[in-house]
Amino acid sequence: MAIPSDERVAARGDLAWAISVGGIGVVTFASLLLLAWYFAATLFLIFAGMLLGVALNAMSNLLGRVVALPHWLRLTVVCLVLAGLLSGIVLLGGATIADQASVLSNTIKSQLVNVRAFLDKNGIDTSYFDLGNPPASPSGSSTPETPAAGPPRNLPSPSALASSGGAIVSQTLKLLLGTVSVVGNFFIVLFLGLTFAAQPGVYRSGLLFMVPSRHRARATVIVDRIGETLERWLIAQMLTMTVVFLVTWIGLKLIGIQSSFILGIQAGLLAFIPTVGAVLAGLIVVLASFASGWVAAASALVLFLGVHALESYVLTPIIQRQALDIPPATLFAFQILLGVVFGIWGLALALPVMAIAKVLIDHFKAEETTPAATA
């Protein structure tokens, strides 16, 4: 049976339209991926600001359960308390932190030298540790190098002065730019967190306004569930970090480690990064404890294992059982993936990103099982 020409033309038009729409969709998706790839650091910076806003909002809501105050006043109280705690730490322990940080840096450098000497002694190549140092003269030739003929030079040549001056300027600029970048990122995150926490309803309404009206109800449920999940996780994470800091600080103080306070701070901060952060904190603690002897290092290792067990088997099941339920192997693999692709930002923010993905997956799987159950 022959198909009328009008129907063939319509079918070809529909096929061309479908191909065009599909091509536009693929190009748009690829463009978004490329944009996320090139601006990953900026996107993670904005995401960190959003997390800070969620944390401040969560603490304001907790305060609202105790006292009936407006949101802006509760947020002001929370910010003043946090600023007071930070100022107290800086004023009371600023000199101690600076001294212990200097001691810790020198201790770790000396221990790394000892580790390299130990590896060299056992025949392990450590040439990858060289950072532009000039190669040593061969051990077999004991004849000193004869200086080049000519009059002795008491002052360096103009070219040497120019090159050394350029190196000093270059290193100084790198240090200044790095400092400005860190301080700038800190204030960007702080500003975004305060603005998000000041008017959470405005940003929630604006986000939902961009969703088509037929999907707005579903998007409202997803956004609220993501917000509740992140709030519970952040509160639990802050409690965990505080406990890790206190236990590490007090334990190292009892052992007799010099830089116990700064080591406790770094252990508490690294507790924000699950698995990888605990391993890094433990390595730093044990490496810094070698300067006090093998007994102190062994005691620090036992303390690290105890803190890790406390975090993994007590704090996480009790405090975070209502926050997240992600298998450790899945989380670790996702951390490694984001860390390799996006660097330190991906490693540090892998868990909240995965929490959002888990909320989305759970929501859509629940929607799939609900019609099947009703049928």
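Residues numbered from 1 in each chain as written. Predicted model: local features only at pLDDT ≥ 70, side-chain atom pairs only at ≥ 80, totals over all residues. Heavy atoms only, no water.

### Some words on the overall build of the protein chain
How we decide: The secondary structure listing takes helices from DSSP runs of H or I that are at least 4 residues long and strands from runs of E that are at least 2 residues long, numbered from the N terminus. A contact between two residues is defined here by any heavy atoms of the two lying within 4.5 Å. Using the Shrake-Rupley algorithm and a 1.4 Å probe, accessible areas are obtained, with residue cover drawn only from the displayed protein chains.
Check the secondary structure of the protein chain and you find 12 helices and 0 strands. In the protein chain, the succession of helices and strands from N to C terminus is α-α-α-α-α-α-α-α-α-α-α-α. At a minimum sequence separation of 6, the contacts of the protein chain that also span at least 24 residues come to 69%. Just so you have it, the protein chain exposes about 24,800 Å², and 72% of that area is on carbon and sulfur atoms.

### Brief notes about helix 6 (residues 216-255)
Defined as follows: Here a helix's expected span is defined as the number of its residues, less one, multiplied by 1.5 Å.
Here helix 6 contains 40 residues, and its C-alpha end-to-end distance of 58 Å stays within 8% of the 58 Å for a straight helix at 1.5 Å per residue. Directly after helix 6, the chain includes G256, whose backbone phi takes a positive value near 105°.

### A closer look at the packing of aromatic side chains
Definition in use: Between 30 and 60 degrees the pair is tilted, below 30 it is stacked and above 60 it is edge-to-face, where a pair is any two Phe, Tyr or Trp rings, Trp via its six-membered ring, whose centres lie within 6.5 Å. When a residue's accessible area, from a 1.4 Å probe over protein chains only, is under 20% of the maximum for its type it is buried; when over 50% it is exposed; and in between it is partly exposed.
One pass over the full model with this rule turns up 7 aromatic pairs. Here W249 and F261 contribute two aromatic rings whose centre-to-centre distance is 5.1 Å and whose plane-to-plane angle is 80°, an arrangement assigned as edge-to-face. A residue pair is termed long-range when its members are at least 10 positions apart, and W249 in helix 6 and F261 in helix 7 (residues 260-270) qualify at 12 residues. Its relative accessible area of 14% is what places F261 among the buried residues.

### Some points on helix 10 (residues 328-342)
Selection rule: Working note: the arc is built from the helix axis to C-beta atom directions.
Here helix 10 spans 21 Å end to end across 15 residues, near enough to the 21 Å set by a 1.5 Å rise per residue. Of all the positions in helix 10, only L331, Q335 and L338 are classed as buried. Along helix 10, the residues classed as buried sweep out an arc of 75° about the axis, all on the same side. Turned more than 90 degrees away from the buried face of helix 10 sit A329 and V340, all of them exposed. G343 occupies a position one or two residues after helix 10 and carries a positive phi of about 80°.

### With respect to the packing of helix 6 against helix 7
Where we set the bar: A fitted line through C-alpha atoms serves as each axis, taken over the contacting stretch for helices, and the angle formed by two N-to-C directions is quoted from 0 to 180°. Convention used here: angles under 35 degrees read as roughly parallel, angles over 145 as roughly antiparallel, angles from 65 to 115 as roughly perpendicular, and any remaining angle as oblique. Definitions for this section: a left-handed crossing has its near helix turned counterclockwise from the far helix by less than a right angle. A right-handed crossing has that turn clockwise.
It is the contact of helix 6 with helix 7, at a shortest axis distance of 8 Å, that shows an interaxial angle of 155°. Judged by the angle between their axes, helix 6 and helix 7 are roughly antiparallel. Considering only the axes of helix 6 and helix 7, their crossing is right-handed. Taking contact as the criterion, the partners of M241, V244, F245, T248, W249, L252 and K253 in helix 6 are, on helix 7, S260, F261, L263, G264, I265, A267, G268 and L269.

### Details of the pattern of salt bridges
Any two side chains of opposite charge can pair, given that their charged atoms come close. Convention followed: Every case where a carboxyl oxygen of Asp or Glu lies within 4 Å of a side-chain nitrogen of Lys or Arg is listed as a salt bridge.
Per the stated rule, a full pass over the model turns up 2 salt bridges. In this structure, D224 engages R204 in a salt bridge whose closest nitrogen and oxygen atoms are separated by 2.8 Å. Placement of the pair is D224 in helix 6 and R204 in helix 5 (residues 200-209), with a sequence separation of 20 residues. Residue class for D224 comes out partly exposed when judged on its relative accessible area of 28%. The shortest N-O distance in the salt bridge between D362 and K358 comes to 2.9 Å. In this pair, D362 and K358 are both assigned in helix 12 (residues 350-374), 4 residues apart and thus about one turn of the helix distant. By relative accessible area, which is 28% here, K358 ends up partly exposed.

### Things to note about the environment of A271
By secondary structure assignment, the location of A271 is in the loop between helix 7 and helix 8 (276-289). Distance from A271 to M238, taken between C-alpha atoms, is 9.2 Å for residues 33 residues apart in sequence. Dropping the residues within four chain positions of it, A271 is found in contact with Q237, M241, V244 and E311.

### Remarks on the confidence of the model for the protein chain
Put simply, the test is: pLDDT gives the predictor's per-residue confidence on a scale running from 0 to 100.
The predicted model of the protein chain has a mean per-residue pLDDT of 75, with 71% of residues at 70 or higher. Contacts for the low-pLDDT stretch residues 131-147, under 50 throughout, to residues beyond four places or in other chains number 0 contacts.

### Digging into the environment of A296
Considering the arrangement of structural elements, one finds A296 in helix 9 (residues 294-319). In the structure, A296 is positioned 41 residues away from I255 in sequence and 6.5 Å away in space, judged by C-alpha atoms.

### Some details on the packing of helix 2 (residues 40-64) against helix 6
Note the cut-off: Each residue gets one label: Ala, Val, Leu, Ile, Met, Phe, Trp, Tyr, Cys and Pro are nonpolar, Asp, Glu, Lys and Arg are charged, and the others, such as Gly, are polar.
Relative orientation of the contacting elements helix 2 and helix 6 amounts to 80°, with a least axis distance of 9 Å. Considering the angle they form, helix 2 stands roughly perpendicular to helix 6. Only G227, L230, E231, L234, I235 and M238 of helix 6 make contact with helix 2, whose side of the interface consists of L51, V54, A55, N57, A58, M59, N61 and L62. Taken together, the residues that form the contact of helix 2 with helix 6 break down as 10 nonpolar, 3 polar and 1 charged.

### Concerning the nonpolar core
Threshold: Among the buried residues, those of types Ala, Val, Leu, Ile, Met, Phe, Trp, Tyr and Cys that are joined through side-chain atoms within 4.5 Å form a nonpolar core.
With 37 residues, the main nonpolar core has L51, L230, L234, L252, L263, F272 and L349 as its most contacted residues. Residue assignment for this core shows that the elements contributing at least two residues are helix 2, helix 6, helix 7, helix 8, helix 9 and helix 12. When residues no more than four places from it in sequence are discounted, the contact partners of L252 are I257, S260, L263, V285, A300 and L303. Formed by 5 residues, the second largest nonpolar core is a distinct cluster that contains L56, M59, V78 and A197.

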